[in-house]
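What the coordinates show
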Amino acid sequence: MTQSKQQFDKIAPEMFTIVGGRQGETEKLSDKTVSFWKEVFLRFSQNKLAIFGIVVLVIVTLMAIFVPIFSPYSYREQLGIYNAAPSAAHWFGTDDLGRDVFVRVWQGARISLFIGITAAVIDLVIGVLWGSISGLAGGRVDNIMMRIADVLSAVPYLLVVIILLVVLKPGLIPMIIALSVTGWINMARIVRGEVLSIKNQEYVLAARTLGASTWHLIKKHLIPNALGAILVTMTLTIPSAIFTEAFLSYLGLGVPAPMASWGTMASEGNKALTSAPWRLIFPALFISLTIFAFNAVGDGLRDALDPKLRK
Amino acid sequence: MANKLLEVKNLKQYFGPANNPIKAVDGISFEIYEGETLGLVGESGCGKSTTGRSIIRLYDITDGEILFKGKNVLDTKSRKEMKEFNREMQMIFQDPYASLNPRMTAGEIISEGFNIHGLYKNKQERQARVAELLEAVGLNREHANRYAHEFSGGQRQRIGIARALSLDPSFIIADEPISALDVSIQAQVVNLLKQLQKERNLTYLFIAHDLSMVKYISDRIAVMYRGKIVELGEANEIYHHPIHPYTKSLLSAVPLPDPMTERMRERIPYTHEEPGETATIHEVKPGHLVFGTQQQINKWK
Ligand SMILES: Nc1ncnc2c1ncn2[C@@H]1O[C@H](COP(=O)(O)OP(=O)(O)OP(=O)(O)O)[C@@H](O)[C@H]1O
Ligand SMILES: [Mg+2]
């Protein structure tokens, strides 16, 4: 101890002098400034699979919008040619009622995409509100809100949907409600997790010591930092909603005739699997392709956003 | 002696269930005088950050009193009073990566307080103020448009310091502002803090987990152990005449500049000793306080 005491005597503050050099001088930064989202975009655009997904989605969307408008046939028109194989006149053939499968596939795309996107938007609104209130409030409120979500998600998903559809009769609106009843829980959990981790970050504490109001914290810190996770979750919700819709339609719980969704078309096409396979193949192909594309985009987004990949 | 700027009396901060709480801060008292730097030193988890955060009202304290400029800060309830308090007291954080919002530019980070307090509404005026703050902490005014991730650790910490200065506070809590930085950069940041203190007449509570840099910046030092302050005194006094065995152990961990003596430096391990029921604060010399029972203190001496 005495040894070290003598040492401390020797180092007095007066002995420290600024010898110049790096003191005060600032290191150079690279010339271009890159915002977070610009960097995400750059990384995303280097992901071939994700770009492929985007291309597929753009094509599917454009076709869904324009084919039913410009096609010579309507999706409900019975042309009198039954179960005809694909030809120059009917690219995807016709079905048992003599309707053009090509138009019906793109009419179905409208319904499937509409259901998928609407369900995702509803999930987004409820899930973000529920999750952020729960995470921000903390304590008892958080506990109660998350237990409610747990109970809802513990009920078998299919059971909820089937009961609802029986009560509400099959159709577009009940299908969307049915999908949203349990769908938002995943979003709520993810948003809550984000909020919990962000609200204890030092930059939020710093804003609080500056006197920030809760609204300021939400606007400037929580939303910009949780946006990435919300976007990824939403992109991955759409394909699962499309899949569920197809699956329920396949079970005969889908939109009623003469409306078409990919699921109902596949369900009907299944009956003629050997005699007219095109009636199943085309809707099934587009279900898979679209779901794959959404997943590719979602994964690409997640990779582009992942801070662990950042240097 | 200068005026008391901050007075902490019997501050307690417990976390968790009331029947079995984590006593992060367990009844500490100290004062900070205008213009001085009080170093708060102790091992990881002893409650230093909690102390700082309780003082600046990030946590609602369990018990005790905090007087700032003679006024009990717990009485400031209205939004207006709270904002006045925020302008007086600011904090510099430990982690230069977590303390800057990755979605904001340096300029946005530094001017965040202006938005909150409705200052410098004129754009030119605001830019000039941001530029002035950037230069005050040794950064370039062109850096205002850069995002946090473009800066190095030391530069990020400078941005954090500029943010803390933005509202012209009189008191700054620096929570281990240098422990995440390279040793070569640590000295730069400490020098910057000292220089700013002189220029702007600041008072610091400087938190650190070892004694090596603290001596250079602190006028007085408080040693914290398991939620309690076990020793407090003038920096020189603590260095030359430590009494509490925990302080001695901390001192023995400071590396020495001379390689010959450094090789012979012996670390004194500290074995936990229950403070005893009757342990209290004893003033062993004017201004030198030690926590323990009379017998313990006699033994330690
Ligand atoms: N919000 C909290 N809830 C529960 N326990 C907490 C909370 N904050 C701190 N603690 C506990 O209080 C104790 C003191 O923590 P504190 O962060 O003040 O330590 P510290 O001295 O700053 O340590 P370090 O040097 O690692 O920063 C720790 O045991 C910690 O686990
Ligand atoms: Mg700490």
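Every chain's residues receive numbers from 1 upward, in the order its sequence appears when written. For naming, the first written chain is A and the first written ligand is 1, with later ones following in the order written. The predicted origin of the model limits local features to residues at a pLDDT of at least 70 and limits the giving and counting of side-chain atom pairs to 80 or more, whereas totals for whole chains, interfaces and linings rest on all residues. Note that water and hydrogens are dropped before the side-chain values are worked out from all heavy atoms of the structure.

A few words on the site of ligand 1. Residues and elements named next belong to chain B. A molecule or strand has a residue near it when one of that residue's heavy atoms lies within 4 Å. Around ligand 1 sit 13 residues in total, of which Ser 44, Gly 45, Ser 49, Thr 50 and Glu 176 are the nearest. Identification of polar contacts relies on pairs of N or O atoms within 3.5 Å, with a donor-acceptor requirement for protein atoms, meaning one able to donate a hydrogen and the other able to accept it, and with residues adjacent in sequence counted only if both atoms are side-chain atoms. Between Cys 46 and ligand 1, the recorded distance is 3.2 Å, taken from a backbone N or O atom to an oxygen atom. Contact distances for ligand 1 include 2.9 Å between an oxygen atom and a side-chain N or O atom of Lys 48. Strands are runs of DSSP state E lasting at least 2 residues, helices are runs of H or I lasting at least 4, and numbering of each runs from the N terminus. Mapped by element, the contributors of at least two residues to the shell around ligand 1 are strand S2 (22-33) and helix H1 (48-55). Classification used: nonpolar for Ala, Val, Leu, Ile, Met, Phe, Trp, Tyr, Cys and Pro, charged for Asp, Glu, Lys and Arg, polar for all others including Gly. Of the residues that constitute the shell around ligand 1, the class distribution is 4 nonpolar, 6 polar and 3 charged.

Among the structural elements, Val 166 of chain A can be located in helix H6 (residues 157-168). Sequence separation of Val 166 of chain A and Ala 229 of chain A is 63 residues, and the distance between their C-alpha atoms is 35 Å.

For the rest of this paragraph, the subject is the UniProt feature "transmembrane region" (unreviewed entry) in chain A. UniProt positions are given in the numbering used here, feature names are shortened, and annotations may be inferred rather than shown by experiment. The positions UniProt marks with the feature "transmembrane region" (unreviewed entry) are residues 49-70, 111-132, 144-166, 172-191, 226-253 and 280-301 of chain A. Across residues 49-70 of chain A, helical content stands at 100% and strand content at 0%; the span's end C-alpha atoms are separated by 31 Å.

We now examine unusual backbone geometry. All names here are of chain B. Non-glycine residue Arg 57 carries a positive phi angle of around 70°. The backbone phi angle of Tyr 120 is positive, close to 45°, even though this residue is not glycine. Looking at where Tyr 120 falls in the secondary structure, it is placed in the loop between helix H4 (112-117) and helix H5 (123-136).

Soluble globular proteins tend to bury their nonpolar side chains together. Residues and elements named next belong to chain B. In plain words, nonpolar cores are sets of buried Ala, Val, Leu, Ile, Met, Phe, Trp, Tyr and Cys residues tied together by side-chain atoms within 4.5 Å. Each residue is placed in one exposure class: buried if its accessible area under a 1.4 Å probe, protein chains only, is under 20% of its type's maximum, exposed if it is over 50%, and partly exposed if it falls in between. Grouped together as the largest cluster of nonpolar side chains are 68 residues, with contacts concentrated most on Ile 161 and Ile 221. Examining the composition of this core, we find that 6 residues originate from one element, helix H7 (residues 183-200), more than from any other. The contact criterion used throughout is that any non-hydrogen atoms of two residues lie within 4.5 Å. Contacts of Ile 221, omitting those with residues within four sequence positions, involve Leu 38, Gly 39, Val 41, Leu 211, Val 214, Glu 231, Leu 232, Gly 233, Ala 235, Ile 238 and Tyr 239.

To continue, consider the UniProt feature "domain: ABC transporter" (unreviewed entry) in chain B. Here, UniProt's "domain: ABC transporter" (unreviewed entry) annotation points to residues 6-251 of chain B. Strand forms 26% of residues 6-251 of chain B and helix 37%; the C-alpha atoms that close the span are 27 Å apart.

To continue, consider helix H9 (residues 214-250) of chain A. In this scheme, a helix's expected span is set at 1.5 Å multiplied by one less than its residue total. In this model, H9 of chain A (37 residues) spans only 47 Å end to end at C-alpha, well below the 54 Å of a helix rising 1.5 Å per residue. Of all the bends in H9 of chain A, the greatest, near 45°, is centred on Leu 227 of chain A. Given a residue, its bend is the angle between the two axes fitted to the seven residues that end at it and to the seven that start from it.

The next thing to look at is the packing of helix H8 (residues 202-209) of chain A against H9 of chain A. Residue and element names in this part refer to chain A. H9 packs onto H8 with a crossing angle of 175° between their chain directions and a minimal axis gap of 11 Å. In this view, H8 runs roughly antiparallel relative to H9, as classed from their interaxial angle. Seen from H8, the contacting residues are Tyr 203, Val 204, Ala 207 and Arg 208; seen from H9, they are Leu 217, His 221 and Asn 225. Of the residues in the contact of H8 with H9, the class split is 4 nonpolar, 2 polar and 1 charged. A fitted line through C-alpha atoms represents every axis, and for helices the fit uses only the stretch in contact; the resulting angles, taken between N-to-C directions, go from 0 to 180 degrees. Roughly parallel means an angle under 35 degrees; roughly antiparallel means over 145; roughly perpendicular covers 65 to 115; every other angle is labelled oblique.

With that out of the way, let us pick up the sheet that holds strand S8 (residues 203-208) of chain B. All names here are of chain B. The strand order across the open sheet built from 8 strands is S6-S7-S8-S3-S9-S10-S12-S11, with neighbouring strands paired in mixed fashion. Each of the sheet's edge strands pairs with one partner strand only, and the pair in question is strand S6 (89-92) and strand S11 (280-285). On average, each strand axis in the sheet is inclined to that of its neighbour by 20°, with strand direction left out of account. In this description, strands pair whenever DSSP reports at least two bridges between them. As paired strands, strand S3 (residues 37-41) and S8 are joined by 5 bridges and run parallel to one another. Each bridged residue has a counterpart across the sheet, and for Leu 38 the counterpart in S8 is Leu 205.

What follows is about the sheet that holds strand S1 (residues 4-15) of chain B. Residue and element names in this part refer to chain B. Strand order in this open sheet of 4 strands is S2-S1-S4-S5, and the pairing throughout is antiparallel. Single-partner strands in this sheet number two, and they are S2 and strand S5 (71-72). Two elements, S1 and S2, share 9 bridges in a ladder whose sense is antiparallel. For Gln 13, the partnering residue across the bridge sits in S2 and is Val 25. Sitting on the sheet, H1 is in contact with S1, S2 and strand S4 (63-68), with an inclination near 115° to S1.

Take the environment of Gly 127 of chain A next. Residue and element names in this part refer to chain A. Checked against the element boundaries, Gly 127 lands in helix H4 (residues 101-137). Judged by relative accessible area, which is 0%, Gly 127 ranks as buried. Expressed as a C-alpha distance, the spacing of Gly 127 and Arg 189, which sit 62 residues apart in the sequence, is 7.7 Å. Contact partners of Gly 127, with chain neighbours within four places excluded, come to Ile 122, Ser 132, Trp 184, Met 187, Ala 188 and Val 191.

Residues and elements named next belong to chain A. By the element assignment, Asp 123 lies in helix H4. Two residue types count as positive, namely Lys and Arg, and two as negative, namely Asp and Glu; His and chain ends fall outside the count. The term salt bridge refers to a pairing of a side-chain nitrogen on Lys or Arg with a carboxyl oxygen on Asp or Glu at a separation within 4 Å. It is Arg 189 that comes nearest to the buried, bridge-free Asp 123 among opposite-charge side chains, at 12 Å. Not counting residues within four places of it along the chain, the set of residues in contact with Asp 123 comprises Val 128, Ser 180, Gly 183, Trp 184, Met 187 and Thr 237.

Attention shifts here to the pairing of S4 of chain B. Residues and elements named next belong to chain B. Relative to S4, S1 runs antiparallel, the two sharing 5 bridges. Bridged to Glu 7 within S4 is Leu 67. The sheet contact formed by S4 and S5 spans 2 bridges and is antiparallel. Across the sheet, residue Leu 67 finds its bridge partner in S5, namely Asn 72. In sequence, S4 turns back onto S5 through a hairpin of 2 residues, with Lys 69 there showing a positive phi of about 50°.

On the secondary structure map, Thr 209 of chain A appears in helix H8. Setting aside chain neighbours within four positions, we find Thr 209 of chain A in contact with Ile 56, Leu 58, Asn 86, Met 89 and Gln 90 of chain B.

The next point concerns the pattern of salt bridges. Taken as a whole and judged by the stated rule, the model has 23 salt bridges over all chains. In this structure, Glu 176 of chain B engages Lys 48 of chain B in a salt bridge whose closest nitrogen and oxygen atoms are separated by 3.6 Å. Note that Glu 176 of chain B is positioned in the loop between strand S7 (171-175) and H7 and Lys 48 of chain B in helix H1, a separation of 128 residues in sequence. Given the relative accessible area of 7%, Glu 176 of chain B is considered buried. Each of the salt bridges in this network shares a partner with another, and the network as a whole consists of Asp 95, Arg 99, Arg 104 and Glu 268 of chain A.

This next bit is on the packing of aromatic side chains. What counts as a ring pair is set by centres within 6.5 Å for rings of Phe, Tyr and Trp (its six-membered ring), and what kind of pair is set by the plane angle: stacked under 30 degrees, edge-to-face over 60, tilted for all other angles. Enumeration over the complete set of coordinates arrives at 19 aromatic pairs over all chains. Judged by centre distance (6.2 Å) and plane angle (40°), the rings of Phe 68 of chain B and Phe 171 of chain B are tilted. Taken together, the positions of Phe 68 of chain B in strand S4 and Phe 171 of chain B in strand S7 put the pair 103 residues apart, joining distant regions of the chain. Owing to a relative accessible area of 6%, Phe 68 of chain B belongs among the buried residues under this scheme. For Phe 171 of chain B, a relative accessible area of 0% corresponds to the buried category. Feature note: the residues Trp 91, Phe 92, Phe 102, Trp 106, Trp 262, Phe 282 and Phe 286 of chain A constitute an aromatic cluster, connected by ring pairs. When the NZ atom of lysine or the CZ atom of arginine is within 6 Å of a ring's centre and also within 35 degrees of its normal, the charge is said to sit over that ring. Just above the ring of Tyr 216 of chain B sits the side chain of Lys 194 of chain B; from NZ or CZ to the centre is 4.1 Å. Positioned above the aromatic ring of Tyr 239 of chain B is the side chain of Lys 215 of chain B, whose terminal nitrogen or guanidinium carbon lies 5.0 Å from the ring centre.

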